[in-house]
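# Structural overview for review
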Amino acid sequence: MIRHARPPLPVLDPALLEQMRGIQPASLGHYLTTGIISPLIRPLTSGKLLGRAVTVRQPLPDAVPVHLVLDQLGPGDVLVIDRAGDHHVACVGEMVARAALAAGAAGIVVDGVVTDIEELRELGLPIYARGLNVVTTRVLNIPGAELFGSVVIGDVIVRQGDLLFGDANGILRLDPADEGLPALVARAVADEAREVEWRQRLATGQSLAQLNGSARYA
């Protein structure tokens, strides 16, 4: 098992996080061309996801790496598991989710499958994966896993400490050190505020093409 040097997770601006909790990821995704995780990684439970990635690459049916990383989770972290193409053996179930929830985790993202869906939904922790199965990892302690390194989730590279932002529509990977992130969030906040007015105007029969400027291309 390879344990990468684990850099300190970034301290995120509470005011920025509060703004993000009030908007949809799609309002940011409208302006992005990178960091958009494949829709094959879909929400299996409800709730908005917002937190820092703590990463595991686990290509084998061994439960040990994920269990060890659970002890490293803290409030606001997102457990991110790259199964390296294994979409058959579930590496997350009720007990893993309960441990993550007890640590204060903001959610779990798996490029692979999970199990115990009824229990996961009862817990209420945001969980994203490719699907479900009944076969699970076991405590084997065999080499091949990597902890705290870069992983690939839905065709997007996710690094330790990256910001994951998701809802029922999908997930974005954002760089918390990006100096342009606050301006992007502010733009999205303004867009959603404008949409409140647009809903009212559309209800009166006004044209969406007129509202968004498409009419000038008629």
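In case you missed it, the structure is sitting above this.
Described in the following lines is the structure provided in the data block. In this convention, every chain numbers its residues from 1, walking through the sequence in written order. In keeping with the predicted nature of the model, local features appear solely for residues at pLDDT of at least 70, side-chain atom pairs appear and are counted solely at 80 or more, and the whole-chain, interface and lining totals rest on all residues. Hydrogens and waters are ignored; side-chain quantities use all the structure's heavy atoms.

For the rest of this paragraph, the subject is the overall build of the protein chain. To qualify as a helix, a DSSP run of H or I must reach at least 4 residues; to qualify as a strand, a run of E must reach at least 2; elements of each kind are numbered from the N terminus. Per the secondary structure count, the protein chain includes seven helices and 13 strands. A compact globule built from 218 residues should have a C-alpha radius of gyration of about 17 Å, and the protein chain, at 19 Å, falls within 12% of that. With respect to the principal axes defined by its C-alpha atoms, the protein chain has extents near 65 × 35 × 30 Å. Residues counted as buried form 47% of the 218 residues belonging to the protein chain. Between two residues, a contact is recorded if the distance between any of their heavy atoms is within 4.5 Å. Excluding contacts between residues fewer than 6 apart, the proportion of contacts in the protein chain whose partners are at least 24 apart in sequence is 74%. With the model as given, the accessible surface of the protein chain reaches about 10,900 Å², and the carbon-plus-sulfur share is 53%. Under the counting rule used here, the positive set is Lys and Arg, the negative set is Asp and Glu, and His together with the chain ends is not counted. Charge coordinates come from a single atom per side chain, which is NZ of Lys, CZ of Arg, CG of Asp or CD of Glu. Both charge centroids of the protein chain, one from 19 positive and one from 24 negative side chains, sit 3 Å from each other. We compute the radius of gyration over the C-alpha atoms and compare it with the globule rule, which gives 2.2 Å times the number of residues raised to the power 0.38. Three labels apply to residues, based on accessible area from a 1.4 Å probe with only protein chains included: buried if under 20% of the type maximum, exposed if over 50%, partly exposed otherwise in between. Only the protein chains shown count as cover for residues, with accessible areas throughout obtained via the Shrake-Rupley method and a probe of 1.4 Å.

What follows concerns helix α1 (residues 14-21). All of the buried residues in α1 are L16, L17 and M20. Each buried residue of α1 sits inside an arc of 100 degrees when the element is viewed along its axis, so together they form one side. With respect to the buried face of α1, the exposed residues turned more than 90 degrees away are P14 and E18. Contacts from the buried residues of α1 go to α2 (25-29), β3 (49-57), β12 (163-167), β13 (170-174) and α6 (181-203). Where α1 begins, the side chain of D13 points an oxygen toward the backbone nitrogen of A15, at a separation of 3.0 Å. When we speak of the arc, we mean the arc of directions from the helix axis to the C-beta atoms. Here a polar contact is taken to be a pair of N or O atoms separated by no more than 3.5 Å, where protein atoms must pair a possible hydrogen donor with a possible acceptor and residues adjacent in sequence count only if both atoms sit in side chains.

Below, the discussion takes up the nonpolar core. By nonpolar core we mean a set of buried residues, namely Ala, Val, Leu, Ile, Met, Phe, Trp, Tyr and Cys, connected to one another through side-chain atoms within 4.5 Å. Within the largest apolar cluster, 27 residues are counted, with the highest numbers of intra-cluster contacts made by L79, V92, I108 and V110. Those elements that place two or more of their residues in this core are β3, α3 (64-70), β4 (77-82), α4 (94-102), β5 (107-111), α5 (117-123) and β7 (127-129). Contact partners of L79, with chain neighbours within four places excluded, come to V54, V56, V66, V69, L70, L73, V96, G107, I108 and V109.

It is worth spelling out unusual backbone geometry at this point. Backbone geometry at D116 places phi at a positive 60 degrees, although glycine is not the residue there. Mapped onto the elements of the fold, D116 is located in the loop between β6 (113-114) and α5. Looking at D116, the relative accessible area reads 31%, which means it is partly exposed. Phi is positive for D155, which is not a glycine, with a value near 70 degrees. Position of D155 among the secondary structure elements: in the loop between β10 (151-153) and β11 (156-158). What makes D155 exposed here is its relative accessible area of 68%.

One way to see where empty space is left: roll a probe the size of a water molecule over the atoms. Here the largest pocket is characterised by a volume of approximately 170 Å³. Lining the largest pocket we find A26, S27, H30, Y31, D191, R194, E195, W198 and N212. Elements with a contribution of two residues or more to the lining of the largest pocket: α2 and α6. Its residues assigned to classes, the lining of the largest pocket shows three nonpolar, three polar and three charged. Only protein atoms enter the calculation, which uses a 1 Å grid: trapped sets of points that fit a 1.4 Å probe without letting it out are cavities, open sets showing protein on both sides within 12 Å along at least five of seven lines are pockets, and any residue with an atom within 4 Å of a point is a lining residue. Grid points are joined across faces, edges and corners, and a volume is the space filled by probe spheres set on the points. We call Asp, Glu, Lys and Arg charged. Ala, Val, Leu, Ile, Met, Phe, Trp, Tyr, Cys and Pro are nonpolar, and the rest, Gly among them, are polar.

To pair, rings of Phe, Tyr and Trp, with the six-membered ring standing in for Trp, must have centres within 6.5 Å; the planes then decide the type, stacked if under 30 degrees apart, edge-to-face if over 60, and tilted in the middle. In total, this model carries zero aromatic pairs according to the counting rule given. When the ring centre of W198 is taken as reference, the NZ or CZ atom of R194 above it lies at 4.7 Å. Both a distance and an angle decide whether a charge sits over a ring: NZ of Lys or CZ of Arg must be within 6 Å of the ring centre and within 35 degrees of the ring normal.

Next up on the list: the pattern of salt bridges. Counted as salt bridges are all cases of a side-chain nitrogen of Lys or Arg within 4 Å of a carboxyl oxygen of Asp or Glu. Applying the stated criterion across every chain, the model contains ten salt bridges. Between D175 and R159 there is a salt bridge, with the nearest N and O atoms lying 3.6 Å from each other. Of this pair, D175 sits in the loop between β13 and α6 while R159 sits in the loop between β11 and β12, and the two are 16 residues apart along the sequence. One salt bridge connects D191 with R194, and the closest N-O pair in it is separated by 3.3 Å. One end of the pair, D191, and the other, R194, are both in helix α6, three residues apart, so they sit about a helical turn from each other.

Our focus in this paragraph is the packing of α1 against α6. Helix axes are fitted only over the stretch in contact, all axes being lines through C-alpha atoms; the angle between N-to-C directions runs from 0 to 180 degrees. Direction vectors running N to C along α1 and α6 enclose 35 degrees, while the axes themselves pass 10 Å from each other. α1 and α6 meet at a crossing whose hand is left-handed. Across the interface between the two elements, L16, Q19 and M20 of α1 pack against L181, P182, V185 and V189 of α6. Its residues assigned to classes, the contact of α1 with α6 shows six nonpolar, one polar and no charged. Should the near helix be turned anticlockwise from the far one by less than a right angle, the crossing is termed left-handed; should it be turned clockwise, right-handed.

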